[in-house]
Amino acid sequence: MLKNTIYNCAGSMYYGDKKGFEVNTMTNTMMNKEKTVYMDNAATTKVMDEVMDNIIPLYRKDFGNPSSIHKIGRNAKSCLENARREIAACLNVRNSTINFTSGGTESDNWAVKSAARLMKAEGKSHIITTDIEHPAILKSLSTLEKEGFSVTYLNCDDGVLSPKLFEAALREDTGFATVMYANNEIGTVQPIAELAEICRCRGIIFHTDAVQAVGHIPVDLESLGADLLSFSGHKFYAPKGAGGLYIREGLDFPRFIDGGEQEHRHRGGTENLPGIAGLAAALKLCCGNMTEEIGRITDLRNRLTAGLLNIKGSRLNGSAEKRLPGNVNVSFDGIEGESLLIMLDMRGICASSGSACSSGSLDASHVLTAIGLPTEMAKGSLRLTLGRYNTAQEVDYTVEAVTDIVGKLREMRM
Ligand code: PLP
């Protein structure tokens, strides 16, 4: 039994201090004011304190523009190049291959749209991807389709793409392929090295959106063999608004953002130095104890998964084995994901569901429907993503809360 527990009128157990609760008069539900269990790390992460310490001087003292020639500008430039060096070391590539951007969305747009320009110059017009990519990829591809490119969207059985299926989809005119490293909703991890190898043999440009992978699992670009790779700092404890695109050495890749001569003329725009320095510091810290963190977070994930699968009418979405350490995505029969989220929020638990609000209606997640879930089941899904600040106590509290809420929601339907 947890030490500080109280019971509400319905007999449910809440963790925390009694004075930390209030009644939500709209729903007559106890609301935990003080306790916050953050289990939405795939959406974004808390900036690490050590990272904040690195960033603050860049606002207060070393605030220069890296393109300025005076002392403060030169300091900023050296800080920028240090960050590039540290990131390149973590990813095992040369410094010059790392290009900073405003985040994952820009990196993905750059990769897809500039690869299309290169293909076009070679007279190729076919692109391969999967049907579970992030909208930054899917919407960029949809723009290209309107311009005359043809795109094959491969299905991922259980969330994992088969290299054989990928190979079979290649055509004479295939010039580009983009497959995400790890899925943001169900956490499944793709066989990127194998896919990159297939492309390399045929002279096809290969990109991977590694926004959910970098900082969480080992990414060694030297052995991976991808031509292009996107990453984003806020997914691994750095500030929002800074990311990068790795461009393989020797690939003459067209720029995407026109403007000044920044980023070795690869991308115009004054660099977000605090964001970039934060990204480098965070990545270095993540890579420094990655093996231990993967072990710890995997244990928490297994505990959380086991607890949630004890609930009747539940199922795990996506492969249980080929999966990010921190991702749990489960569906519950007869449950509306949004109601579950709201009730979890009242107990201080921050999570995410398998539906997204688009044009005022709740659509089932394209990822869950692509892996075969019926719409209703997809709408009844819950994504919990663990990170370095989560504890076993939080996992137990969450399992208890979800079990209780699912039971109540089902009772209400009867
Ligand atoms: N790609 C994936 C797989 C993501 O999960 C995200 C963000 O959720 C993005 C791209 C976009 O990244 P950003 O938020 O840095 O623009």
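Moving on to helix H6 (residues 192-202). In an α-helix, one turn spans 3.6 residues; hence positions three or four apart end up facing the same way. By the burial criterion, the buried members of H6 are Ile192, Leu195, Ala196, Ile198 and Cys199. For H6, the arc enclosing every buried residue in end-on projection is 155 degrees, short of the 170-degree limit, so these residues lie on one face. Turning to H6, the residues buried within the fold contact helix H5 (163-168), strand S9 (174-178), strand S10 (205-209) and helix H7 (221-224). Glycine 203 occupies a position one or two residues after H6 and carries a positive phi of about 70 degrees.

Either a parallel or an antiparallel arrangement is found when strands of a sheet pair, and the pairing is made through backbone hydrogen bonds. Judged by pairing direction, the sheet is antiparallel, and its four strands sit side by side in the order S13-S14-S19-S16 without closing on themselves. Unpaired on one side and paired on the other, strand S13 (314-316) and strand S16 (352-353) mark the two borders of the sheet. Relative to strand S14 (residues 327-332), S13 runs antiparallel, the two being bridged by three bridges. The residue of S14 that forms the bridge with arginine 315 is serine 331.

This brings us to the site of the ligand. By nearness alone, 13 residues border the ligand, and Thr105, Asp209, Gln212, Ser232 and Lys235 come closest of all. One of the backbone N or O atoms of glycine 104 is found 2.8 Å from an oxygen atom in the ligand. Lysine 235 is positioned with one of its side-chain polar atoms (N or O) 2.6 Å from an oxygen atom of the ligand. When the ligand sits alone it has 390 Å² of accessible area, and the protein chains cover 85% of it. Of the pockets mapped on this structure, the ligand occupies the second largest pocket. Top contributing element to the shell around the ligand by residue count: helix H3 (residues 104-121), with three residues.

Glancing now at the packing of aromatic side chains. Scanning the model with the defined rule gives one aromatic pair in all. Plain terms: the ring middles of tyrosine 237 and tyrosine 389 are 5.9 Å apart, the flat faces sit at 90 degrees to each other, and that makes the pair edge-to-face. Of this pair, tyrosine 237 sits in the loop between strand S11 (228-232) and strand S12 (243-247) while tyrosine 389 sits in the loop between strand S19 (381-385) and helix H13 (392-413), placing them 152 residues apart in sequence. The class for tyrosine 389 is partly exposed, based on a relative accessible area of 39%. Residue placement shows lysine 35 over the ring face of tyrosine 397; its charged tip is 5.6 Å from the ring centre. Lying over the aromatic face of tyrosine 389, lysine 46 brings its terminal NZ or CZ to 5.0 Å of the ring centre.

Calculation notes
- Residues numbered from 1 in each chain as written.
- Predicted model: local features only at pLDDT ≥ 70, side-chain atom pairs only at ≥ 80, totals over all residues.
- Heavy atoms only, no water.
- Buried < 20%, exposed > 50% of the residue type's maximum accessible area, 1.4 Å probe, protein only.
- Helix = DSSP H or I, 4+ residues; strand = E, 2+ residues; numbered from the N terminus.
- Arc of directions from axis to C-beta.
- Contact = heavy atoms within 4.5 Å.
- Pairing = 2+ DSSP bridges.
- Near = heavy atom within 4 Å.
- Polar contact = N/O pair within 3.5 Å; in protein donor to acceptor, adjacent residues only side chain to side chain.
- Areas by Shrake-Rupley, 256 points an atom, 1.4 Å probe, with all protein chains shown as cover.
- 1 Å grid on protein atoms, 1.4 Å probe; cavity = no way out; pocket = protein on both sides within 12 Å on 5 of 7 lines; lining within 4 Å.
- Sits in = over half its atoms within 2 Å of the grid points.
- Phe/Tyr/Trp six-rings, centres within 6.5 Å; stacked < 30°, edge-to-face > 60°.
- Lys NZ or Arg CZ within 6 Å of the ring centre and 35° of its normal.

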